[in-house]
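# A structural walkthrough
Next come the chains, spelled out residue by residue.
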Amino acid sequence: MSANRTWDKETKGESEKSVRKKPQKDAGRETQKKPKKDSGGENRKKPEKGPGGEDRKKPEKDSGGENRKKPEKGPGRENRKNPGKDSARENWKKPEKGPARKNQIEFGKSGERVPRKGTERSAEAEGRKGSGRDAGNHTGPGRERATGRETGGKGKQRLCPVASKCGSCQWINKSYDEQLQAKAARFRRLMEPYGKPEPIIAMEQPAHYRCKVHAVFGEDRKHGIISGTYEEKSHRIVPIDSCLIENQKADEIIVSIRGLLRSFKIRPYNEDTGFGLLRHVLIRVGHATGQIMVVLVLGYPVLPSKKNFVKALLQLHPEITTIVINVNGRDTSMVLGEKEEVIYGKGYIEDELCGMTFRISAKSFYQVNPVQTRKLYEKAMEYACLTGKETVLDAYCGTGTIGMLAARQAARVLGVELNKEAVRDAISNAKQNQVSNIRFYQGDAGVFLLQMAENGEKLDVLLMDPPRSGSSEAFLKAVAKIRPRRIVYVSCNPETLVQDLKFLVKNGYTTEKSAAVDMFPYTEGIEAVVSLSLA
């Protein structure tokens, strides 16, 4: 219509008003009809019949069709066609008929072409799927389950999709028998200069054994709340909901806390900016008692809607016996801070081990695998050879577990521990178990031994369970000075154990017995116990 109006202005010189009136009358109707039939149709048809129309029409029928067909017949299209249809298909078929494909099949399934039909491959896939489901849904696989081949290899990787990032379970793809053989061989090589060790002490159900579970909280790129563990050798969080080696109930509680954060609009702590509140969650579970402690590690001492948060968490998990707030506002890699507040329960849990009850607080040391701890301590008592007349020193005593076991068979036991909270728990444990021939002291064990030597006191048996870094040189020199008749060395790091043994052997001791205990299945770690006596 605008084109028609412009044409009317130029040819007849009429105003816009007159042009607008004309369509209302007879001429206007003809004018409106003409663009449809005559002028408008001609304007649209002329490009189809005229030279301009031929340029647009030919690409549809003649030139366009020819342009699309010519590359199929011409050399340009053939160059593109050969790789797509000819060369690619020929190259793809040749490995099936040629020796290269045949070699691949022979390598995979002894020369049979079964992998192409999918029979053997599907059987392998079903085997992997079956092992993944069975192992993933168990509450603690039996020995026969963990040692089968169906739970090893690539199937084991399905149990933990983040194993490569987490890095905690270095041997998750090995069967349990393979793990035991490798650990026993490693310990045998380390102990070779000091005698042949006893067979490794295995775990009957090597899964979900950790009664102490820690989770770090943060945000993903979309600011969603995540919880899990730090990626190996970094501070990047690997989101984890469940873990093969962690207590299952502890994992469930951590996931529930993550959900409550959204409901209560609590943000996780950001290490880079310093904003946010929740940094970590620590769960401790009594293996024998079932008691559960929840420790909320905050960057600031105030938890919004504290009572409602506790109420909501207990509704989800009524089995929780105590909840503690720990404040850690420092820029540090340490999980726990100094200040604590009990917001529900007694602030500690209790567990039973070797017929005794032990009190466990947030900071106190307690072995993470109580099942294997019993075997470890029984072996240590066997190596101690106590007769009821000895004076025993339990260095690095923690909550006093091994020292109180020794008190049953010794005349007197002394326990030394640097951690104040652990000493408090040890004293409480001794009272609760009615052990009267043991005393606990807070301080450095090396300094304590030197004071005993200077005072002329004698020591018959030394029980020592140092950290992973081993004993300090000052402590070992103090041992050489007081010269206990027998030493029972419990170690969580065989490499540092061997270093300390080298020093003790140079100072007049000989190794008598040694054994490794698999305290940490699916990982490289082992616990070891060695007995030494004066030559």
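Residues numbered from 1 in each chain as written. Predicted model: local features only at pLDDT ≥ 70, side-chain atom pairs only at ≥ 80, totals over all residues. Heavy atoms only, no water.

The next point concerns the overall build of the chain. Helix and strand content of the chain: 22 helices and 16 strands. Among the 535 residues that make up the chain, the fraction classed as buried is 46%. Taking the contacts inside the chain whose residues are at least 6 apart along the sequence as the reference set, 64% of them involve residues at least 24 apart. Roughly 29,400 Å² of accessible area belongs to the chain as shown, and the carbon and sulfur atoms make up 49% of that amount. (Helix = DSSP H or I, 4+ residues; strand = E, 2+ residues; numbered from the N terminus. Buried < 20%, exposed > 50% of the residue type's maximum accessible area, 1.4 Å probe, protein only. Contact = heavy atoms within 4.5 Å. Areas by Shrake-Rupley, 256 points an atom, 1.4 Å probe, with all protein chains shown as cover.)

Side chains that carry opposite charge are capable of pairing whenever their charged atoms lie near each other. Per the counting criterion, the structure on display carries 17 salt bridges. Taking the shortest distance from any N to any O, the salt bridge between Lys477 and Glu473 comes out at 3.3 Å. Highlighted residues: Lys477 and Glu473, both in helix H21 (residues 473-482), separated by 4 residues, approximately one helical turn. Put simply, Glu512 and Arg486 hold a salt bridge, and the shortest N to O gap is 2.7 Å. In this pair, Glu512 sits in strand E15 (residues 509-517) while Arg486 sits in strand E14 (residues 486-491), placing the two residues 26 residues apart along the sequence. A single network of salt bridges, built from pairs that share partners, joins Glu198, Lys379 and Glu382. (Salt bridge = Lys/Arg side-chain N within 4 Å of Asp/Glu carboxyl O.)

If pLDDT is low for a region, its predicted coordinates should not be looked at in detail. When pLDDT is averaged along the chain, the result is 77; 70% of the residues meet or exceed 70. Long-range and interchain partners of residues 1-157, a stretch whose pLDDT sits below 50, account for 144 contacts in this model, where long-range means more than four residues apart. (pLDDT = per-residue confidence, 0-100.)

Scanning all chains against the criterion turns up 3 aromatic pairs. Plain terms: the ring middles of Phe264 and Phe309 are 5.4 Å apart, the flat faces sit at 65° to each other, and that makes the pair edge-to-face. Residue Phe264 is found in the loop between helix H15 (248-263) and strand E4 (278-285), and its partner Phe309 is found in helix H16 (residues 306-316); the two are separated by 45 residues along the sequence. You can call Phe264 partly exposed: its relative accessible area is 23%. On the basis of an interplanar angle of 55° and a centroid distance of 5.3 Å, the ring pair of Tyr396 and Phe475 is categorised as tilted. Residue Tyr396 is located in the loop between strand E10 (391-395) and helix H18 (401-407), and its partner Phe475 is located in helix H21; the two are separated by 79 residues in the primary sequence. Given a relative accessible area of 1%, Phe475 falls into the buried group. Between Lys174 and the ring centre of Trp171, over which it is positioned, the NZ or CZ distance is 5.8 Å. In this structure, Arg279 is placed above the aromatic ring of Tyr269, and the distance from its NZ or CZ to the ring centre is 4.3 Å. (Phe/Tyr/Trp six-rings, centres within 6.5 Å; stacked < 30°, edge-to-face > 60°. Lys NZ or Arg CZ within 6 Å of the ring centre and 35° of its normal.)

Time to look at the sheet that holds E4. Pairing in this open sheet of 7 strands is mixed, and the strands run E3-E2-E1-E4-E5-E6-E7 from one edge to the other. Of all strands in the sheet, those with a lone pairing partner are strand E3 (237-239) and strand E7 (339-344), marking the two edges. Averaged over all neighbouring strand pairs, the angle between strand axes comes to 35°, with direction disregarded. Relative to strand E2 (residues 225-230), strand E1 (residues 212-219) runs antiparallel, the two being bridged by 4 bridges. Residue pairing across strands places Val216 opposite Gly228, the latter belonging to E2. Of the strands in this sheet, strand E5 (292-298), strand E6 (320-327) and E7 touch H16, which is tilted by about 140° from E6. (Pairing = 2+ DSSP bridges. Axes fitted to C-alpha atoms, helices over the stretch in contact; angles between N-to-C directions.)

Strand order in this open sheet of 7 strands is E12-E11-E10-E13-E14-E16-E15, and the pairing throughout is mixed. One side of each edge strand has no neighbouring strand; the edge strands of this open sheet are strand E12 (438-442) and E15. Strand after strand, the sheet turns through a mean of 15° between neighbouring axes, direction not considered. The sheet contacts of helix H19 (residues 420-432) involve strand E11 (412-417) and E12, and relative to E12 the element is tilted by about 165°.

With that out of the way, let us pick up H21. Listed in full, the buried residues belonging to H21 are Phe475, Leu476, Ala478, Val479, Ala480 and Ile482. Buried residues in H21 make contact with E10, helix H20 (445-454), strand E13 (461-464), E14, helix H22 (494-506) and E15. One or two residues past the end of H21 sits Arg483, with phi positive at roughly 50°.

Here the focus is the packing of helix H14 (residues 176-191) against H22. At a minimum axis separation of 10 Å, H14 and H22 run at an interaxial angle of 15°. One element, H14, and the other, H22, form an angle in the roughly parallel class. For H14 against H22, the interelement crossing comes out right-handed. Residues Arg186, Phe187, Leu190 and Met191 of H14 form the contact with H22, whose participating residues are Pro494, Glu495, Leu497, Val498 and Leu501. (Parallel < 35°, antiparallel > 145°, perpendicular 65-115°, else oblique. Left-handed = near helix turned anticlockwise from the far one by under 90°.)

Moving on, we get to the nonpolar core. Residues Leu462 and Phe475 are the most contacted members of the largest nonpolar core, which totals 96 residues. In terms of residue count, helix H17 (residues 370-384) provides more of this core than any other element does, 6 residues in total. Residues within four places of Leu462 in sequence aside, it is in contact with Leu393, Ala395, Phe475, Val479, Pro484, Arg486, Ile487 and Val488. (Core = buried A, V, L, I, M, F, W, Y, C linked by side-chain atoms within 4.5 Å.)

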